[in-house]
Amino acid sequence: MAAKGKKKALCVEINLLPAEERQTKLDLSWVVDRRVVWPTIALIVALVAVFMLQSYISETMQTLQNRLDATKAEVEKQRPILNKITALDGKLKVIAQKNTGLKSIQVSKKRWVILFENISSMMPPNMWLVSLNQVSPYDMELRGVTYDFSEVAEYMVKLEKQASFKSVSLTDISTTKVDGEEAYSFVIKASIKPDLGLEGGSK
């Protein structure tokens, strides 16, 4: 009996091997799955970047350490010279202090010479000084005695005209006896000019 159309042949593969001896096919399709590939590539790139960064940091630190060691070695090499310079600086400071002291002494000496000259040269004939004190850096106290009352005022006017003083004032005057004669004891305060004795100052 002839068939009207060709029947499709059916092919069924049947594995009759026992289950323990059957071979399963290895599925490697996940290897090319982009959900796995891209994260893997990103991880590898990140690891490489971290490694390169660590290498760079390590090299930089080593370079800096080498420079620091070289600088320390150079400092230690130059330390004797630095010690000599420090010692010389100390000596120069001492010399400068001594020079300042000497200049101060010279100025002070010149100042006192001018002061004594002005004080003594202006003194009236009937007057003498009992004491002369420096009560502050620029204030003098003159204690004296005179037989003539008017000589006190005369002396003050003469002192005030001198280059040594910027002001003169009478702080006390009283009567006294000298060898049985009446006299006048007085105290005068005289302010010294600050630039007295300095180069270009009062002379």
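In what follows, the structure referred to is the one given above.
Everything numeric in this text was worked out from a predicted model, so none of it was measured.

### Focus on the side chain of N118
One can find N118 in helix α1 (residues 34–121). In this structure N118 touches L159, Q162, A163 and S164, once residues within four positions along its chain are discounted.

### Digging into the packing of aromatic side chains
Across all of its chains, the model carries two aromatic pairs by this definition. Residues F149 and Y184 carry aromatic rings whose centres are separated by 5.3 Å and whose planes lie at 70° to one another, so their mutual orientation is edge-to-face. Of this pair, F149 sits in the loop between β2 (139–146) and α2 (150–160) while Y184 sits in strand β4 (residues 181–192), placing them 35 residues apart in sequence. The class for F149 is partly exposed, based on a relative accessible area of 48%.

### Focus: the pattern of salt bridges
Following the criterion strictly, the structure yields three salt bridges and no others. For E76, the salt bridge is made with R79, and the minimal N-O distance between the two is 3.0 Å. Here E76 pairs with R79, and both are found in helix α1, just three residues apart, close to one helical turn. Its relative accessible area of 36% is what places R79 among the partly exposed residues. Linking R143 and E141 is a salt bridge whose minimum nitrogen-to-oxygen distance equals 3.3 Å. Since its relative accessible area comes to 37%, R143 is described here as partly exposed.

### Focus on the environment of T60
Within the secondary structure, T60 sits in helix α1. The partly exposed category is assigned to T60, whose relative accessible area is 30%. At a separation of 2.8 Å, a polar atom in the side chain of T60 contacts the main-chain carbonyl oxygen of Y56.

Criteria and cut-off values
- Residues numbered from 1 in each chain as written.
- Predicted model: local features only at pLDDT ≥ 70, side-chain atom pairs only at ≥ 80, totals over all residues.
- Heavy atoms only, no water.
- Helix = DSSP H or I, 4+ residues; strand = E, 2+ residues; numbered from the N terminus.
- Contact = heavy atoms within 4.5 Å.
- Phe/Tyr/Trp six-rings, centres within 6.5 Å; stacked < 30°, edge-to-face > 60°.
- Buried < 20%, exposed > 50% of the residue type's maximum accessible area, 1.4 Å probe, protein only.
- Salt bridge = Lys/Arg side-chain N within 4 Å of Asp/Glu carboxyl O.
- Polar contact = N/O pair within 3.5 Å; in protein donor to acceptor, adjacent residues only side chain to side chain.

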